[in-house]
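Listed below, chain by chain, are the residues.
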Amino acid sequence: MFSKILVPVDMSSPEPGVKSCPQARQMQDAWNAEICLLSVVPGYSMPLVSAYFPQDAMQKMQATVLADLKKVADKYFENQPECVVKSGKRAAEILSFSEEHGSDLIVFGCRPKDVVGGELMLGSVGLTVSERAKCSVLVAR
């Protein structure tokens, strides 16, 4: 049914993304789907902001996030999925990568929202992606 599944995981708060991994694994097994785990780190491309960071800070941060993402992949997937780290605005990068990668499904996890009594809800990134994605979006609860 789905052949290329994108699983965004925010490694600064991985619990919601990790919730989506078991469901993505089931789809991988059932449909022999290709899985890609994606994490987006905030960019600091403005010269004023980037002047305060060492030149290699972004590369080090991406390498650390990639290593953590691979640990998630090892824990939840028997067949190692592709792991990718991008930098920039999360929703925009997820949408762009989804189109470039040819994803036909994006699997998001929900997070508890304290303001609504702990109900599971999509965060702002998940909501934006679910509204604007050109492919199907599954919300894992």
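Provided above is the structure to which this section pertains.
Everything numeric in this text was worked out from a predicted model, so none of it was measured.

A few words on the side chain of Gln28. Note on placement: Gln28 falls in helix 1 (residues 15-31). A polar side-chain atom of Gln28 sits 3.4 Å from the main-chain carbonyl oxygen of Asn79. In this structure, Gln28 is in contact with Ala33, Ile35, Phe77 and Asn79, ignoring residues within four places of it in sequence.

With that settled, consider the nonpolar core. Counting 27 residues, the largest nonpolar core has Ile5, Val7 and Leu37 as the members making the most contacts within it. The element contributing the most residues to this core is helix 3 (residues 57-76), with seven residues. Aside from chain neighbours lying at most four places away, what touches Leu37 is Val7, Cys21, Leu69, Val72, Ala73, Phe77, Pro81, Glu82, Cys83 and Val84. If you look at the next biggest cluster of nonpolar residues, it comprises 14 residues, including Leu38, Phe97, Phe108 and Val129.

A word on the pairing of strand 2 (residues 34-41). For strand 2, the tally of buried residues reaches seven of eight residues, placing the bulk of the element in the interior. Alignment of strand 1 (residues 4-8) against strand 2, held across five bridges, turns out to be parallel. Directly across from Lys4, in strand 2, lies its bridge partner Glu34. As defined by bridge partners, strand 2 adjoins strand 3 (residues 82-87) across six bridges and the pair is classed as parallel. By the bridge assignment for strand 3, Cys36 is matched with Glu82.

Turning next to the sheet that holds strand 3. Across the sheet, which stays open at both edges, the five strands sit in the order 3-2-1-4-7 with parallel pairing between neighbours. Edge strands, defined here as strands with exactly one partner in the open sheet, are strand 3 and strand 7 (136-140). Averaged over all adjacent pairs, the angle separating strand axes in this sheet is 25 degrees, with direction ignored. The sheet contacts of helix 3 involve strand 2 and strand 3, and relative to strand 3 the element is tilted by about 150 degrees. Docked against the sheet, helix 5 (residues 124-132) engages strand 4 (105-109) and strand 7, running at close to 155 degrees with respect to strand 4.

Definitions and cut-offs
- Residues numbered from 1 in each chain as written.
- Predicted model: local features only at pLDDT ≥ 70, side-chain atom pairs only at ≥ 80, totals over all residues.
- Heavy atoms only, no water.
- Helix = DSSP H or I, 4+ residues; strand = E, 2+ residues; numbered from the N terminus.
- Polar contact = N/O pair within 3.5 Å; in protein donor to acceptor, adjacent residues only side chain to side chain.
- Contact = heavy atoms within 4.5 Å.
- Core = buried A, V, L, I, M, F, W, Y, C linked by side-chain atoms within 4.5 Å.
- Buried < 20%, exposed > 50% of the residue type's maximum accessible area, 1.4 Å probe, protein only.
- Pairing = 2+ DSSP bridges.
- Axes fitted to C-alpha atoms, helices over the stretch in contact; angles between N-to-C directions.

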